[in-house]
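# Structure assessment
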Amino acid sequence: MRSPLCYALAVLVALMSLPTGMSAETHYKPHISLGVRGGVTFSEMAFSPNVKQSFLMGSAGAVTFRYSEEKIFGVIAEFGWSQRGWEENFEGAPISYSRQLTYLKLPLLTHIYFGSRRFKCFVNLGPEFSMMIGEKIRSDFDYRNPFDNPDFPSRNRQVEQMWTDIHNKFDYGITAGIGFEFYVQPRHSITLECRYYYGLGNIFPASKADTFGASRPTDIEATIGYNFRIK
């Protein structure tokens, strides 16, 4: 028969090995990925007073850096561009006007994901900082004297936004996205994502003496991307 001392030693060894096993189970290996993404934007402006407008289509793209744990959480930093702005809605009148603003942007996002090894759903959320580097106005009438055009729809319409110079080229806001990621191979993946951006800065002066109390850019962005895991 085995002595009680042998049984006591066996229990002691088992208890000493338990924390090691638990530590191994709760340790997650980090993954680092580099990638690119590109797609289209549909943008408009949050004006006050209100301006009748339609979505303006543009382009967007970025290089991405992602650090993620094996479980469900990670962070993303990007550097890219986005075309925002608006298109005037003239309610069927045979005239057109659009103003496209091109920004360089830096989103810093929390990345939450779940799913299998081959297919994951994810949510991205965080602040975004951007700087306008160019603008383009397209119009088939004299937008500085719109009421001289007999086709202009109404004399009660807000028009100062068409010719007012951009006062603030720096913008900041909140962006949120939802998407899917498919792993072609363990280190190669394809993403599809839709994001919404709401700017908190005004492009026009916004004091009590100015025309606009708010002139904030917003956009919806749909992109496809490729990621390569380097670690």
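In short, a report on the structure. (Residues numbered from 1 in each chain as written. Predicted model: local features only at pLDDT ≥ 70, side-chain atom pairs only at ≥ 80, totals over all residues. Heavy atoms only, no water.)

### Some details on the pattern of salt bridges
Note the cut-off: Between Lys or Arg on one side and Asp or Glu on the other, a salt bridge is scored when a side-chain nitrogen of the former is within 4 Å of a carboxyl oxygen of the latter. In DSSP terms, a helix is any run of H or I states spanning at least four residues, a strand is any run of E spanning at least two, and both are numbered starting from the N terminus. To sort residues, take the accessible area from a 1.4 Å probe on protein chains only and compare it with the maximum for the residue type: under 20% means buried, over 50% means exposed, and anything in between is partly exposed.
Enumeration over the complete set of coordinates arrives at eleven salt bridges. A salt bridge links Glu-181 to Arg-66; its shortest N-O distance comes to 3.0 Å. Here Glu-181, found in strand 7 (residues 170-185), pairs with Arg-66, found in strand 3 (residues 56-68); they are 115 residues apart in sequence, far enough to count as distant. Each member of the pair, Glu-181 together with Arg-66, is buried. Residue Glu-128 is joined to Arg-84 by a salt bridge in which the shortest nitrogen-to-oxygen separation is 2.5 Å. One end of the pair, Glu-128, is in strand 6 (residues 119-139); the other, Arg-84, is in strand 4 (residues 73-88), and 44 residues separate them in sequence. Both residues of the pair, Glu-128 and Arg-84, count as buried. Each of Arg-37, Glu-78, Lys-105, Glu-193, Arg-195 and Glu-221 takes part in one network of salt bridges that share partners.

### So, the pairing of strand 3
To keep it simple, the criterion reads: Criterion used throughout: strands pair if DSSP finds at least two bridges between them.
Taken together, the 13 bridges between strand 1 (residues 31-48) and strand 3 define a ladder with antiparallel strand orientation. Within the sheet, the bridge partner assigned to Arg-37 lies in strand 3 and is Ala-62. Two elements, strand 3 and strand 4, share nine bridges in a ladder whose sense is antiparallel. By the bridge assignment for strand 4, Gly-61 is matched with Trp-81.

### Brief notes about unusual backbone geometry
Omega for the bond connecting Ser-48 with Pro-49 falls within 30 degrees of zero, at 5°, which places this linkage in the cis form. Here Pro-49 shows up in the loop between strand 1 and strand 2 (53-54). Even without being glycine, Glu-91 reaches a positive phi, approximately 55°.

### Here we look at the packing of aromatic side chains
To keep things clear, this is the line we draw: Pairing of aromatic rings covers Phe, Tyr and Trp, the last through its six-membered ring, and needs centres within 6.5 Å; plane angles under 30 degrees mean stacked, over 60 mean edge-to-face, and all others mean tilted.
This structure, assessed with the given rule, holds twelve aromatic pairs. Plain terms: the ring middles of Phe-47 and Phe-204 are 6.2 Å apart, the flat faces sit at 10° to each other, and that makes the pair stacked. With Phe-47 in strand 1 and Phe-204 in the loop between strand 8 (188-199) and strand 9 (214-229), the pair connects residues that are 157 residues apart, well separated along the chain. The residues Phe-47 and Phe-204 share a single accessibility class, namely buried. An angle of 65° between the planes, with centres 5.5 Å apart, marks the rings of Tyr-97 and Tyr-143 as edge-to-face.

### A look at the side chain of Gln-161
Rules: A 3.5 Å cut-off defines polar contacts: any pair of N or O atoms within that distance qualifies, except that in protein one atom must be a possible hydrogen donor and the other a possible acceptor, and neighbouring residues in sequence count only when both atoms are side-chain atoms. We call two residues contacting when some pair of their heavy atoms lies within 4.5 Å.
Within the secondary structure, Gln-161 sits in the loop between strand 6 and strand 7. Engagement of the side chain of Gln-161 in a polar contact is seen with the side chain of Glu-88, the distance being 2.8 Å. Apart from residues lying up to four places away in sequence, Gln-161 is in contact with Phe-47, Val-51, Trp-86, Glu-88, Tyr-97, Arg-99, Phe-204 and Phe-212.

### Comments concerning the pairing of strand 8
Covered by surrounding structure in strand 8 are Ser-189, Thr-191, Glu-193, Arg-195, Tyr-197 and Gly-199 only, the residues His-188, Ile-190, Leu-192, Cys-194, Tyr-196 and Tyr-198 on the alternate face being uncovered. Taken together, the twelve bridges between strand 7 and strand 8 define a ladder with antiparallel strand orientation. Within strand 8, the residue paired with Phe-182 across the bridge is Ile-190. Hairpin remark: strand 7 followed by strand 8, antiparallel, with two residues in the connecting loop. Sheet topology note: the strand 8/strand 9 ladder contains eleven bridges and is antiparallel. Looking at the pairing, Tyr-198 lines up with Thr-218 of strand 9.

Keep in mind that these numbers describe shape and distance, not what the molecule does.
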